[in-house]
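# Architecture and fold: a report
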Amino acid sequence: MMLSVPAAAVTLLVAWIHPSYALYFHIGETEKKCFIEEIPDETMVIGKYRTQLWDKQTGSFLPSTPGLGMHVEIKDPDTKIILSRQYGSEGRFTFTSHTPGEHQICLHSNSTKMALFAGGKLRVHLDIQVGEHTNNYPEIAAKDKLTELQLRVRQLLDQVEQIQKEQNYQRYREERFRMTSESTNQRVLWWSIAQTFILIVTGIWQMRHLKSFFEAKKLV
């Protein structure tokens, strides 16, 4: 998977299918960091982030200045860009997967002024939610006027739907793995046949060469 980064290497952080996780990481001015998230098809993903700058005077991270922003780029398993947008120092991005597999979520700063980085340290807090965890159930209950029991049933139905999607995705992965295994086994078989053929041809050539040698020396 190729990424074009002007001055820094891309750091890939691989994340398996987690319905929701939060973390923070540090990046430099020209550095890009990417996360690989395995997502079933037709699944909504919501990401929230906020940035902090290192302050030498206080020796701690403080909220970023308004002029500092982040660029978010998301690619599907076919490396097709499904989201590429500029955000501020805090932002929220949303996308829905249409192809099951590894989706790449990349973030990097849009600033080219080293003065904003005050020592080159930028901390990014990232929270990613997948599937039914993207739903705001209190808001849904208020909007649809649901009782507590109805809301709980709605949550269970969403969870069952997400489990079905993940099961379908696992079957999809299993099918791809089976096809890869069959292709590898077939290649190994043909390579073994080719090796056997080469050994037979080499043996016949050696026998004919030895026979010609003995005949030339009148030993036979």
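Residues numbered from 1 in each chain as written. Predicted model: local features only at pLDDT ≥ 70, side-chain atom pairs only at ≥ 80, totals over all residues. Heavy atoms only, no water.

A separate point is helix α2 (residues 148-216). Between the first and last C-alpha of α2 there are 101 Å, a value that for 69 residues agrees with the 102 Å anticipated at 1.5 Å per step. Of all the positions in α2, only L151, Q155, D158, Q162, K165 and Y169 are classed as buried. (Helix = DSSP H or I, 4+ residues; strand = E, 2+ residues; numbered from the N terminus. Expected span 1.5 Å × (residues − 1). Buried < 20%, exposed > 50% of the residue type's maximum accessible area, 1.4 Å probe, protein only.)

Turning our eyes to something else, we now look at the UniProt feature "transmembrane region" (unreviewed entry) in the protein. Under the feature "transmembrane region" (unreviewed entry), the UniProt entry names residues 188-207. Taken as a whole, residues 188-207 contains 100% helix and 0% strand, while its terminal C-alpha atoms sit 29 Å from one another. (UniProt positions renumbered as here; feature names shortened; annotations may be inferred.)

The share of residues in the protein with pLDDT of 70 or more is 85%, and the mean pLDDT across the chain is 79. When the criterion is pLDDT under 50, residues 1-18 qualifies, and its contacts beyond four places in sequence or with other chains add up to 41 contacts. (pLDDT = per-residue confidence, 0-100. Contact = heavy atoms within 4.5 Å.)

For strand β6 (residues 70-75), a buried count of 6 out of 6 residues is recorded, marking the element as mostly surrounded by other parts of the structure. What you see with β6 is no split at all: M70, V72 and I74 on one side and H71, E73 and K75 on the other are buried throughout. Looking at chain direction, β6 and strand β7 (residues 81-87) are connected through 6 bridges and run antiparallel. Across the sheet, the residue bridging to E73 is S84, located in β7. Hairpin connection between β6 and β7: a loop of 5 residues separates the two successive antiparallel strands, and T79 in this loop has a positive phi of roughly 60 degrees. The sheet contact formed by β6 and strand β9 (residues 101-109) spans 6 bridges and is antiparallel. Counted as the bridge partner of H71 is H108 from β9. (Pairing = 2+ DSSP bridges.)

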